[in-house]
Structure formats: C-alpha cells, structure tokens
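What the coordinates show
Chain by chain, the residues run as shown.
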Amino acid sequence: QVQLVQSGGGLVQPGGSLRLSCVGSGAISSINKMYWYRQAPGKQREWVAVDIIGGSTNYPDSVKGRFTISRDNAKNTWYLQMNSLKPEDTAVYYCNAVTIVRGVTGSGSWGQGTQVTVSS
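Definitions and cut-offs
- Residues numbered from 1 in each chain as written.
- Predicted model: local features only at pLDDT ≥ 70, side-chain atom pairs only at ≥ 80, totals over all residues.
- Heavy atoms only, no water.
- Core = buried A, V, L, I, M, F, W, Y, C linked by side-chain atoms within 4.5 Å.
- Buried < 20%, exposed > 50% of the residue type's maximum accessible area, 1.4 Å probe, protein only.
- Helix = DSSP H or I, 4+ residues; strand = E, 2+ residues; numbered from the N terminus.
- Contact = heavy atoms within 4.5 Å.
- Salt bridge = Lys/Arg side-chain N within 4 Å of Asp/Glu carboxyl O.
- Phe/Tyr/Trp six-rings, centres within 6.5 Å; stacked < 30°, edge-to-face > 60°.
- Lys NZ or Arg CZ within 6 Å of the ring centre and 35° of its normal.
- Pairing = 2+ DSSP bridges.
- Axes fitted to C-alpha atoms, helices over the stretch in contact; angles between N-to-C directions.

Quick word on the nonpolar core
In this structure, Met 34, Trp 36, Phe 67, Leu 80, Met 82 and Tyr 93 are the most contacted members of the largest nonpolar core, which totals 27 residues. Mapped by element, the contributors of at least two residues to this core are strand S1 (2–7), strand S3 (18–26), strand S4 (31–39), strand S5 (46–52), strand S7 (67–72), strand S8 (77–82), strand S9 (91–101) and strand S11 (114–118). Setting aside residues up to four positions removed in sequence, Tyr 93 forms contacts with Gln 6, Leu 20, Tyr 37, Arg 38, Val 48, Phe 67, Leu 80, Met 82, Gly 113, Thr 114 and Val 116.

Structure, rendered in structure tokens:
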C-alpha cells in the first residue's frame, strides 16, 4: 500500500504562485503514475497533472503552461508548482497514486487534500 501526505496550499492573489507537496510512503516502487486532481465546490473532480514514472508528464489545456508536476526521488515527494494562478483555480487539490502490483492496477491511494484559494 501507498500512503500520501500533502502539504502546501493556502490563499494567494491572482497571478501568484503556490507549490503543493505530496510525500509518499509504503510501497513506493509500485507507483506507476502520480496524478494531481482538484475539485471545486459543486464541480466534478478533474485531473490537472500526471507524472508517468519512466515516461512523461501531461496536463489538460486548462493548466498547461502554468502548472508543473515534478518529483524528488530521494524524498519520495511529488510537487505541483502552480504559477499565474487564476480565481478559477480555486479548489481542493489531491494527489493520487496509481500502482501496479503483480499486474493489478490500483488507484486508491489519495492524499488528504489541500485547499487552494485564489482571490484578491
């Protein structure tokens, strides 16, 4: 199993930046992908970044060029750097690990969520 603990977030003005962290523990080697998702009030959860281990990163158009996912292998930590933030980026952000164990894919490891509020 993988446990994820998030930190970061808070209140920032439009145009500002924030960095979220997601520290993994447990079966880190089983992680195949790490996603960042967000959920705004009254809206569905949407993915905003993915790190494909041994592959590439990808982003939806809504955040492409503004958000960057990165990884520090030594610290088992993933980051979401968010720049040029807009009020519509306001949401609770979650990290989510996709694991593969003995050929079985799992996606049940979630961080606890962290609030990001973009407001003047």
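There's plenty left to go through after this.
Focus: the pattern of salt bridges
Per the counting criterion, the structure on display carries 5 salt bridges. Ionic pairing is found between Glu 46 and Arg 38, a salt bridge with its closest N-O pair at 2.6 Å. A salt bridge links Asp 89 to Arg 38; the shortest N-O distance between them is 2.8 Å. Taken together, the residues Asp 89 in the loop between S8 and S9 and Arg 38 in strand S4 connect sequence positions 51 residues apart. By sharing partners, the salt bridges in this structure join Arg 38, Glu 46, Arg 66 and Asp 89 into a single network.

Details of the packing of aromatic side chains
For the structure shown, the criterion picks out 4 aromatic pairs. With centroids separated by 6.3 Å and ring planes inclined at 90°, the aromatic side chains of Tyr 35 and Trp 47 adopt a geometry described as edge-to-face. With Tyr 35 in strand S4 and Trp 47 in strand S5, this pair connects stretches of sequence that are 12 residues apart. Accessibility expressed as a relative area gives 30% for Trp 47, which makes it partly exposed. Judged by centre distance (6.2 Å) and plane angle (85°), the ring pair of Tyr 94 and Trp 110 falls under edge-to-face. Note that Tyr 94 is positioned in strand S9 and Trp 110 in strand S10 (residues 104–110), a separation of 16 residues in sequence. Taking relative accessible area as the criterion, Tyr 94 reaches 16% and is therefore assigned buried. Through a chain of ring-to-ring contacts, the aromatic side chains of Tyr 35, Tyr 37, Trp 47, Tyr 94 and Trp 110 assemble into a single cluster. The cationic tip of Arg 45 hangs over the ring face of Tyr 94; the distance from NZ or CZ to the ring centre is 4.1 Å.

Focus on the sheet that holds S3
Strand order in the open sheet formed by 4 strands is S1-S3-S8-S7, and the pairing between neighbours is antiparallel. Either end of the sheet is taken by a strand with one partner, and the two such strands are S1 and S7. Taking the axes of each pair of neighbouring strands and ignoring which way they run, one obtains an average angle of 20° across the sheet.

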